[in-house]
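# Structural overview for review
Chain residues, written in single-letter form:
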Amino acid sequence: MNSLYSRLRGTAVWRSVFRSGTGDTNLHRSLTVQQNIFLHLASVKIRRRALEFGVTWYLGTLSMASFVILVVTGVLLMLYYHPSVPQAYADMKDLQFVVSAGVFLRNLHRWAAHAMVVLVFAHMFKVFYRGAYRPPREFNWVVGVMLLLLTLFLSYTGYLLPWDQLAFWAITVGSNIISAVPAMGAKIRFLMLGGHTVNANALLRFYVLHCVILPLIAAVFLAVHFWRIRKDGGLYTGDKPRE
Amino acid sequence: MVDCIRGTSPVSEPKDFRASFDSDSQRTPVRVAFVTRRTTPHVTKAGDDRVMTNPDALLRVAVAVMALLIVLVVVSLLFDAPLEGLANPLQTPNPAKAPWYFLGLQELLHYFPPVVAGVVIPSLVVLALVVIPYFNVNVEAEGFWNRNGERKSILVWVAVAALSAFLVWFSVYAVLVPTLVSGGALIVTAAAPPQDKGFGGWLRSKPLPFWIMTWFLVVAITLTVIGTCFRGAGWSWVWPWGEL
Amino acid sequence: MPDQTPHVERACPGCNRRRFTTAGVGSLAIAGIGSAVFGYEFLSPNALYEPSPIVDAGKPERYPPGSVTPDAQSGLYVVHGPEGIYALSAVCTHLGCVTAWRPELDMVACPCHGSKFHIDGVKIEGPAPRPLPWLKAWLNDEGNLMIDRSEALTRKQYVRVQA
């Protein structure tokens, strides 16, 4: 098994895909991180202390993991969803009773969304209580606050999509809060909903925000967030060396 | 950065710096910092312990991600996501509740006009979160009561009393109670002996930002729990276990 | 230091970096403002497929004196008080939930945040910032009661019908 794997890694095709070569030296291990577009945001070495569970509780990692789960399940759900009234609700029923594994995917998407909100909040409080927000990491904290807001917007726009009573009234109340903004509140609400009431236009706008615009913005902020971890000196492990 | 430099300039050799490398340096990328001028960098740690991202960090991340995935899959198999009837603009369900993470806000909307609870307070919270690292960074993280205890205790009493009076005026008891609890804890810890090794001493070593954030956390949790479990038809108070 | 760059015949004698930057930043600003205006116009729908704000509430005889008739379809109450008929909006002024008429309590209650109102729209308690508005109501040529939901009255006006 092992020899098969190493022979596979020696083939011309494998080496053309993974340019880091073979071997288990530290140089090779560094190259696997450096030469991989997904891993290269991380540094090749990390403080041993930063990997201990108690330092981060892996909350940032888990937030990102829930985001990935949401992207995968969300894209699959999009294949059976029409953002129109009242077809959207009928699609929910189809997912429940007609589509194979549809109810499972919808459940996973829903619970992962709740999990992501919890994890992002927990991540923020953990970072605060460890003092990891202090200079030189202050800008990354701000990026993190933006990501928290994006998480809430993503969750909120997704809340309308099933087009059931829960969704409709949560968005009605929420959009009326926006119209309380002084001077231009009613205008903002009109632009957000694409009308005076929560209706077909609002559903379509929330769908586009939820599936395209907000995830793209979140992906950009996530890239900056991870990049800045490294540029600001790696994961914070505390001022004092451990006794 | 500085941990790569071993030793400073010897007396006999007035060079600006001297750098040396680990034996592993031929294979491992090394960062080198050149400290110009004849100063000794203040090194608190002699080379912190680092491991390779691949495989040490990647394996742990993979385990964490899989653990989350397993938990979510099990939850998804056991519990169905809620789905109510088709949206009906003519009939408001009673009570009409927002998603749980907005229920703290909805509870505030019960007490204050929408422009205060829906616009001003959330904007202030976001603004406060953004400016945290720029305002009173408190790098030393000095305990709140360590200095000027007398003057600070007057300030704390005034601040807690003013906030409580405001909350009583608007009868926002859902915020008043957590405010009194966290403010009271702050005042009580002033009396804890500084050498206390237990919980009191730990609390006493905490700086002001800790107390403000904890107050915010306790208020947010209280409001969210009240909005989720203790509010029924017409947003009236109900007990989650039913009538007594 | 002597100028070592070879002399080049300039196509545009008056050009320099400052003018280029000014012109560039200026045109970018104009383009930005234009994009904002077009973006706003694009995002505001010009045709809305929403129900008409004017509703036909039928003959006024349908509403006997002393009655409160909720019309959930249109989000309003038709009230026949001692002084005549008037139409009261059922949409809570707080956050737009549809209120419910509670005859046993003789009041209008909002399910969302607990606002309560008298049947003349005046708030009893709760977070609602304004009373429920009175809606413009009139009798059309056929004698039907018409109500315009988009127009709130500033003073109390009754539609009087011969008993």
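Please refer to the structure higher up on the page.
Throughout what follows, the structure given in this document is the object of discussion. (Residues numbered from 1 in each chain as written. Chains lettered and ligands numbered in written order. Predicted model: local features only at pLDDT ≥ 70, side-chain atom pairs only at ≥ 80, totals over all residues. Heavy atoms only, no water.)

The partner chain C presents 12 residues to the 15 residues of chain A that form the contact. Between chain A and chain C, a total of about 1,100 Å² is buried, with carbon and sulfur atoms accounting for 66% of that surface. The three residues of chain A that bury the most area against chain C are A:W169, A:V173 and A:L191, which together make up 36% of that side's buried surface. Connecting chain A to chain C are zero salt bridges. In this assembly, chain A and chain C are joined by four residue pairs in polar contact (both at pLDDT 80 or more). If one sorts the elements of the side of chain A that touches chain C by residue count, helix α9 (residues 165-178) of chain A sits on top with five residues. The residue makeup of the side of chain A that touches chain C, split by class, is five nonpolar, eight polar and two charged. (Contact = heavy atoms within 4.5 Å. Buried area = accessible area lost by both parts, 1.4 Å probe. Salt bridge = Lys/Arg side-chain N within 4 Å of Asp/Glu carboxyl O. Polar contact = N/O pair within 3.5 Å; in protein donor to acceptor, adjacent residues only side chain to side chain. Helix = DSSP H or I, 4+ residues; strand = E, 2+ residues; numbered from the N terminus. Nonpolar A, V, L, I, M, F, W, Y, C, P; charged D, E, K, R; others polar.)

On to the side chain of C:S74, then. Residue and element names in this part refer to chain C. Inspection of the secondary structure assignment puts S74 in the loop between β2 (68-71) and β3 (76-81). Taking the relative accessible area as the measure of exposure, S74 reaches 12% and is therefore buried. At 3.0 Å, the side chain of S74 forms a polar contact with the side chain of D71. Those residues in contact with S74, other than ones at most four positions away along the chain, are V55 and R149. (Buried < 20%, exposed > 50% of the residue type's maximum accessible area, 1.4 Å probe, protein only.)

On to the interface of chain B and chain A, then. Across the contact, 69 residues belong to chain B and 74 residues belong to chain A. With both chains or domains summed, chain B and chain A bury close to 6,700 Å², and 72% of this area falls on carbon and sulfur atoms. For chain B, the biggest contributors to the area lost against chain A are B:M52, B:L83 and B:Y101; these three give 10% of the whole. Here chain B and chain A share one salt bridge between them.

It is worth spelling out a nonpolar patch on the surface at this point. On the surface, A:L204, A:V208, A:V212, A:I213, A:L216 and A:I217 cluster together to form a nonpolar patch covering roughly 470 Å² of accessible area. Residue position: A:I213 is located in helix α11 (residues 200-231). (Patch = residues over 30% accessible without salt bridge, like charges linked within 9 Å, V, L, I, M, F, W, Y side chains within 5 Å. Areas by Shrake-Rupley, 256 points an atom, 1.4 Å probe, with all protein chains shown as cover.)

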